[in-house]
Amino acid sequence: MEQLSVGHVQKLIEGLYNSTDPRTAKDVQEQLQAIQRLPQAWGIAPELLSIQSDQCRFFGAHTFQVKISRDWDTLPEDRIDWLRDEILVWIVRLCAGPMLVTTKLCLALISFALHAVPNHWHSFVAESVDALRRGGAVYGVATQNIDAAILEFLTLVPEEISNTELAGNRKLQLIQELNDAVPLVLSVLSSVLFTTSYADGTAQQKALRCFQSWIQYGIEFEASYPIIQQTMRLLTKEDTFEPATEVLLEAMQQPSWARYVTLRDDLLKCFTSEEMKNQFTTCISGMSKLFTAFGETFAEFISVQLPRHDVLLLMDMIMQLTAFHGHFPADQEVSEIPLNFWYVLQEVLFDNGIAPIRDDSYAPSLDGDDDASLDKTMPSEEQRIWTRQCGEAAVIIYRQLVTILQQKAAFPEDSVWASWAQDLKDKFRICRRDLGDTMINPYYILRGEMLAILLEHAIAVINHWDSIPLASQDLEATLFCLKSISEEISPGEDEHIHRFFGPEVFGRFPRNGSIRLQNTTILLMGSLAEWLKKHPQFLAPVMNYLVPCLSIPKLAPSAASAFSDICDACRNSLVDDLDSLMNIYNAMSHSQIEASVVESIANVIQVLPMEIAITPILTLTGNILQSAAEALEIAKTDQERARLMILTQIQYLSACCKGIQSPNDDYQSMSARLAFYDSFASGKSIAAFSDIEGLSQINDAMRKLTREIAGIWNGDEKVMKALSLFLESGVRSVSPVLALPFLDLVMIIQASYQSAPFPCWLDTAKFVITVYGGQDAYFQNLRELLQSLTVRTLEFITNPKDMEQSPDVVDSYFDLLSAVLKRCPIVFYQLSYDQINTIFMFCIAGMGLQERLALKAAVNFMAEFVGQEYEEGTEIGAIVNTLVTNMGPQIIEKLLVGIGGHVPRSFSGPLVDVLFKMTIKYTQACREWLPILLLRDGFPSALVTDTEKIAFIKGIIGTRSLKKFKDVVNTFSVKCRGLSNTSFGAV
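Criteria and cut-off values
Residues numbered from 1 in each chain as written. Predicted model: local features only at pLDDT ≥ 70, side-chain atom pairs only at ≥ 80, totals over all residues. Heavy atoms only, no water. UniProt positions renumbered as here; feature names shortened; annotations may be inferred. Helix = DSSP H or I, 4+ residues; strand = E, 2+ residues; numbered from the N terminus. Rg over C-alpha atoms; globule rule 2.2 N^0.38 Å. Buried < 20%, exposed > 50% of the residue type's maximum accessible area, 1.4 Å probe, protein only. Contact = heavy atoms within 4.5 Å. Lys, Arg positive; Asp, Glu negative; His and termini not counted. Charge placed at Lys NZ, Arg CZ, Asp CG, Glu CD. Phe/Tyr/Trp six-rings, centres within 6.5 Å; stacked < 30°, edge-to-face > 60°. Expected span 1.5 Å × (residues − 1). Bend = angle between axes of the 7 residues up to and from the residue. Axes fitted to C-alpha atoms, helices over the stretch in contact; angles between N-to-C directions. Parallel < 35°, antiparallel > 145°, perpendicular 65-115°, else oblique. Left-handed = near helix turned anticlockwise from the far one by under 90°. Nonpolar A, V, L, I, M, F, W, Y, C, P; charged D, E, K, R; others polar. Arc of directions from axis to C-beta.

The name given to the chain in an unreviewed UniProt entry is Importin-13, with the source organism recorded as Phycomyces blakesleeanus. Under Subunit (unreviewed entry), UniProt gives the following word-for-word description of the chain: "Interacts with UBC9, RAN, RBM8A, eIF-1A and PAX6." Listed under Sequence similarities (unreviewed entry) in UniProt, the entry text for the chain is "Belongs to the importin beta family."

Structure follows, in structure tokens:
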């Protein structure tokens, strides 16, 4: 056919490479792919290879590869040997051309071997190498080109076979072929790597990459070691340095190789040789990777041999790499590479008891280290001396590292920084963060000595502020280093940190420092909040420094964060200065401040007894309410501006609520917390403060504000979320000032949800029920609230499709119902029967959803319902029994459908838990329901037989062992889904 002629295909290929129109190129590509699928493509491939066009030859080689991989079964058996020989011949004929074509042909040959071994081809590696050599002689191809093709083939073989998924037996056969070929491969590599006939080093580069591929595959160390030694020699040649580096990196990454002392010692000898020292500055990136990999791999050895000259020489070179001149990454990308090594070495030094130095130092011997290790028979005194020498060497090294890390953490001068592209700035910040993480490692070695180094440097910079170039960057980097280790500084540290807060540093802090320096200083103060708690004498100057920064836009975020941390940690010490803190807020109340500042002041108020705290709370709240009232006035003419103002004031109110909560609240048990809520809900604590002057006015203003916000922005979900969060936070604070009265809460929730059913109102209702649900006096109102929310929810969610479109509402609604069942079940069960019935139909439908959030909520509610405890003969017991009698079959049916494969596998676990509770609690009823349901044809899956269903029923009914129950359900579910019988993740 004309369209299958090689000329037609050639035109398509040329059109593909010459096309500038993406649509045309795509059409041509699809035509070529269609041709590759045709049986005639087996013959077209060699014709394309014979054309004097690199594009045609590449496509011909690619066609061979595609046909073998995809259409092997269409190749006649009598053509199998022809195909192999054809590929081998074309490798020989074209190996002097572009390597891309040779690579494609080698991949096609390996793909052929994957199908032909062992039935049609044995010893395919050796036979391929032999055939290529014989073919080179026949066609008169230069030995150098044939060797390059052989090396390319040998490089690809282990990679392709390792990455190919094959049935177990065939994979083992191919692996055996590779193992049998190892001597041949090493012979080929030796013939190239130990010869000087290749002047340009290209063949040696290819041989090294081939060797790397076989090391990755997993050849044995002993047979390969002569080549490893030669690779070390090739490090000194410029044209083979890079591939030799990759080979040695690969060698060190092999756990089985890294155990050999010979490899370690020869590498150390190589790396510290005169030749490598001479090459150090010209191949810096490769050196950095090599030395770092050696250090990380043999950190145990280094840690107990630090005083040795060669080890110290290696440490010095790694230190030089860490200190490599220039800023990362604009000037160099070397200094970041060794950072992880310093972490690894410090960990080993600590684990071996070497550093920090101890009086009873004892260094362990390393098994198999020959004369390089510590002698196991060495007397303990000598061991202690040697260990101390190792520790002292480590201290010297890590002292130097502190200075270098501080230097590398410094920003460049402002004009240089401004000239950098954004990606360079991002990389520098990431590197600086890594430098900060690394700073902790010298601190573990040096402890107070490191603090002294950094503080002495900071003092020196301040002493010579006007004469030191880039003094601001230098001091900022020093304080950044201090901040990086601040979490590890003991609050009881009394020797060094006081120098920072005292007259030597903070007392003479430069007033013309950069914004970056000021931000770092502020954050350092905040990170030392726990230290300040133990040293309150420094709080006054710190707070005096922080407060003005709260009003400076470029410093405000850092200042607010530090202010918050210090107020939280030092709240007891700051109580006496509460008036000053209140003045701070009053002075800033008409400007944009961080919500954390409000929370910080409230943190301090929280320390006071309620009878004393209520006055400053009233003041703080009153100021916020006044600003909110001003925003409501603005809303009459500019609602968008007012909206932003209102959101800010609501955040302040929420922050105030959060601040006055005790820091111990989060650690209370649920029973203790519920008892606390019961006490609050009883109203006694609020009644005790009813006569406080100004309280009623604040309460009235709060009610008015919340009603107006809910009325104006009821359709704005962001504002409603903020408002509902504040209402919840107010109740959580149990403050008579900030907690809206119960009836007002209920009214706002009902009205807002009726107007716009955002899930946040359901979440707030859930918390209200948790707090007030323990008091009988609130049951009537809570029932009306639940009824109202239920009616509104079911108005717009009427079927499973609606549930999947509003999963957040479904999730919040069922969470609300679960909370009701836990806290005050009578409120739920005193709803009308029709409503309860509708809710359960709603829940049963939800248990079959594919949408995960709604499905989870429905299953969790059903689990809560089935698992609840009640006394027989009570009103609740009667209602529950009626519900189970009426709804039980449908609940069981939906559980079985889900377990049978309708819901995602990850949800099978919760479904199984509900089914287990049903069979335990309602055993007799389940004995009746399960056979009726399961013996229906095709239920819950056509893949299980009636015999398997009966076995399933017998397996789950009557057992009280959850593990056995899950095993039975797991087996049944796997069969229903048509999966292999393996462990079923979530069950």
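Structure's up, so let's keep going.
**Structural notes on the overall build of the chain**
Secondary structure summary: the chain contains 51 helices and zero strands in total. Scaling as 2.2 N^0.38, a compact globule of 987 residues should have a C-alpha radius of gyration of about 30 Å, whereas the chain reaches 38 Å, well beyond that. If one aligns the C-alpha atoms of the chain with their principal axes, the spans along those axes are about 110 × 90 × 70 Å. Considering the chain as a whole, with its 987 residues, one finds that 54% of them fall into the buried category. Summarising the internal contacts of the chain: among those between residues at least 6 apart in sequence, 73% fall at separations of at least 24. In the chain, 80 side chains carry a positive charge and 118 a negative one; their mean positions are 4 Å apart.

**Details of the packing of aromatic side chains**
Tallied over the full model, the rule gives 42 aromatic pairs. Seen in terms of ring centroids, Trp-72 and Phe-112 are 5.4 Å apart; in terms of plane orientation they differ by 75°. Their pairing is edge-to-face. Of this pair, Trp-72 sits in the loop between α4 (54–71) and α5 (80–94) while Phe-112 sits in helix α6 (residues 99–116); the two residues are 40 residues apart in sequence, bridging distant segments of the chain. Classification of Trp-72 as buried rests on a relative accessible area of 14%.

**Section: the environment of Phe-861**
You can see Phe-861 is positioned in helix α46 (residues 852–867). The class for Phe-861 is buried, based on a relative accessible area of 0%. Between the alpha carbons of Phe-861 and Ser-224 there is a distance of 64 Å; along the sequence they are 637 residues apart. Beyond its immediate chain neighbours, meaning those up to four positions away, Phe-861 contacts Phe-814, Leu-817, Ser-818, Leu-821, Phe-828, Phe-840 and Cys-843.

**Concerning helix α11 (residues 221–234)**
Taking 1.5 Å per residue as the helical rise, α11 with its 14 residues ought to reach 20 Å, and the 19 Å between its terminal C-alpha atoms agrees with that figure. Largest kink in α11: about 30°, centred on Ile-227. Among all positions in α11, only Phe-221, Ser-224, Tyr-225, Ile-227, Ile-228, Gln-230, Thr-231, Met-232 and Leu-234 are buried.

**What to know about unusual backbone geometry**
Trans is the prevailing form of peptide bonds, just as negative phi is the prevailing case for residues other than glycine. With an omega dihedral of -5°, the bond running from Phe-328 to Pro-329 counts as a cis peptide bond. Looking at the secondary structure, you find Pro-329 in the loop between α18 (309–322) and α19 (339–351). Here the residue pair Phe-939 and Pro-940 is connected by a cis peptide bond, since its omega of -5° sits within 30 degrees of zero. As for its placement among the helices and strands, Pro-940 is situated in the loop between α49 (923–934) and α50 (946–956). Unusually for a residue other than glycine, Arg-447 sits at a positive phi of about 50°. Assignment of secondary structure puts Arg-447 in the loop between α22 (422–446) and α23 (448–463).

**Let's talk about the packing of α11 against helix α12 (residues 241–253)**
Two numbers describe how α11 lies on α12: the axes approach to 9 Å, and their chain directions differ by 140°. When the axis of α11 is compared with that of α12, the two are oblique. The hand of the α11/α12 crossing is left-handed. Where α11 abuts α12, its residues Ile-228, Thr-231, Met-232 and Leu-234 lie against Phe-241, Ala-244, Val-247, Leu-248 and Ala-251. For the contact of α11 with α12, the class distribution of residues is eight nonpolar, one polar and no charged.

**Description of helix α7 (residues 124–139)**
The end-to-end C-alpha separation of α7 is 22 Å, in line with the 22 Å expected for 16 residues at 1.5 Å each. Those residues of α7 that sit buried are Phe-124, Val-125, Ser-128, Val-129, Ala-131, Leu-132, Gly-135 and Gly-136. The arc enclosing the buried residues of α7, seen along the axis, measures out at 165°, which places them on a common side. Across α7 from its buried face, at more than 90 degrees, point the exposed residues Ala-137 and Val-138. Positive phi appears at Gly-140, one or two residues downstream of α7, with a value of about 70°.

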